[in-house]
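Here is how the chains run, residue by residue.
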Amino acid sequence: MQIERAEVFLVPLRLHEPFESSAATVQDRTIVLVALHGDGQTGWGECVAGETPYYSPETTETAWHVLTRFLLPAVVGGAHVGVGVLRNAWAAVRGHPMAKAAVEMAAWDLQAKRDNVPLCVAIGGALRAVPVGVSIGLQHDDYALLEHVESFLEEGYLRVKIKISPGRDVDMMRGVRDRFPTASLMVDANSAYTMADLERLRELDDLGLTMIEEPLAPGDFGGHAELQAALRTPLCLDESIGSAVDAERALEMGSCRVINVKPGRVGGFDEARSIHDLCLASGVAMWCGGMLESGVGRAHNVALSTLPGFTLPGDISPSRRYWERDLIDPEWEMADGALTPLASPGIGVEPDRARIENLSVRRTVIV
Ligand code: OSB
Ligand code: MG
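Quick notes on the rules
- Residues numbered from 1 in each chain as written.
- Chains lettered and ligands numbered in written order.
- Predicted model: local features only at pLDDT ≥ 70, side-chain atom pairs only at ≥ 80, totals over all residues.
- Heavy atoms only, no water.
- Pairing = 2+ DSSP bridges.
- Helix = DSSP H or I, 4+ residues; strand = E, 2+ residues; numbered from the N terminus.
- Disulfide = S-S within 2.5 Å.
- Donors = N, O, S within 2.8 Å, 3.2 Å for Na, K, Ca; no water.
- Buried < 20%, exposed > 50% of the residue type's maximum accessible area, 1.4 Å probe, protein only.
- Contact = heavy atoms within 4.5 Å.
- Near = heavy atom within 4 Å.
- Polar contact = N/O pair within 3.5 Å; in protein donor to acceptor, adjacent residues only side chain to side chain.
- Areas by Shrake-Rupley, 256 points an atom, 1.4 Å probe, with all protein chains shown as cover.
- Core = buried A, V, L, I, M, F, W, Y, C linked by side-chain atoms within 4.5 Å.
- Domains from an automatic or database assignment.

**Some thoughts on the sheet that holds strand β8 (residues 212-213)**
The strand order β5-β6-β7-β8-β9-β10-β11 describes an open sheet built from seven strands, whose pairing is parallel. The open sheet is flanked by β5 (133-136) and β11 (285-288), the only strands paired with a single partner. Relative to strand β9 (residues 235-237), β8 runs parallel, the two sharing two bridges. Counted as the bridge partner of I212 is L235 from β9.

**Re the state of the cysteines**
A full pass over the atoms with the stated rule returns zero disulfides. Of the cysteine sulfurs around C288, a residue in no disulfide, the closest is that of C236, at 11 Å.

**Quick look at the coordination of the magnesium ion (ligand 2)**
Metal coordination angles have textbook ideals: 109.5 degrees for a tetrahedral set of four donors and 90 or 180 degrees for an octahedral set of six. At the metal site, the magnesium ion (ligand 2) is ligated by D188 (OD), E213 (OE) and D238 (OD), and these contacts range over 2.1 to 2.3 Å. Spacing between the donor residues of the magnesium ion (ligand 2) along their common chain follows D-x24-E-x24-D. Of this pair, E213 sits in strand β8 while D238 sits in the loop between β9 and α9 (244-253), placing them 25 residues apart in sequence. A relative accessible area of 0% places E213 in the buried class. Residue D238 is classed as buried on the basis of its relative accessible area of 1%.

**Looking at the side chain of H276**
Relative to the elements of secondary structure, H276 occurs in helix α10 (residues 269-282). A relative accessible area of 3% places H276 in the buried class. Residue contacts for H276: discarding those within four places in its chain leaves M286, L307, P308, G309 and F310.

**Thoughts on the site of ligand 1**
Ligand 1 sits among 15 residues. The nearest are S135, D188, N190, L292 and Y322. In this structure, S135 approaches ligand 1 through a side-chain N or O atom, which is 2.9 Å from an oxygen atom. K163 is positioned such that a nitrogen or oxygen atom in its side chain is 3.0 Å from an oxygen atom of ligand 1. Starting from 390 Å² of accessible surface for ligand 1 in isolation, the protein chains cover 93%.

**Digging into the nonpolar core**
One finds L33, M173, V176, L204, I275 and L304 to be the most contacted residues of the largest nonpolar core, which totals 86 residues. Both domains that furnish three or more residues to this core are identified here as domain 1 (5-115 + 352-366) and domain 2 (122-339). Contact partners of L33, with chain neighbours within four places excluded, come to E7, V8, F9, V11, W44, G45, E46, S294, V296, L327 and I356. Listed in part, the 33 residues of the second largest apolar core include I3, L71, M98 and I366.

Right, dumping it as structure tokens:
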């Protein structure tokens, strides 16, 4: 099957409220969508790059540039679509895993539609319900945070992740723990700490957190290993894991006990599955993270989360946690703290093409 034509859309979409982490604050997302056309079918992908280079080096604009100038021209009109083919076509393109992932995952959707199977099945998972956690940004004050945690727990989320940064960590989290003694709680530092903060991080150890995500600099495997040895709470790596090679390194060095796998961060499903297999073989727990995706990117994350190693709740909240109205039909809805992929071929949800075209501030076609 050939990719006959590709489209890229830039779609502004406003979150209900600003999402603040130690690394960045965002309310107005710019969603980059890729559509691959072939054999009368359309495969969809979403690029998870942010508006700013504060989480990782890529941004929506670098992704647009690399997608439209290099990645898509190298694969449109080629022999056939397939992960190996994409990898060969892009052998000369260094980096830009988020831009690559958008095309790779769209290609998987296209193939799954051609083969008439749900995407989750095509990538080795199953049509099963996956447990859902929520990620809460830094709030104005502790009262607002407690209100958020309470309402999300009432909605049925199975785990609550809270962003922390130096000075908004130990006391704040002690307050949350006191109020919700049995809730599954974790924190995400987005690399805001150094080993000089060891004593402060040690104080988090008494709060019964399920894990501490990415406390130190991205790629600091030695530092994370040292910190993990000093703490009882499992460390979880996010930004540090850009590939299966990174995951191997982290597991070898004891840098973490959990990995947050984001297919969009590691270049797509192929790499995400290698990380999954590595973790499964070494008994390391994993879950699927989120990047404030629209319902299109969420569909890929839900599909990946159905692989057997994904046992912990993922950051795959339903559409209404993020948007007034999503870009897909039907929207993602949570039942009993879980999302379940739809049984129809490919991603299962249908991108609302008319709405996407209407909202787009930029659109290009590659033939
Ligand atoms: O660090 O996991 C992160 C959002 C954007 C960039 C990085 C992160 C996040 C989140 C939100 O935590 C997860 C979600 O999509 O709900
Ligand atoms: Mg994170």
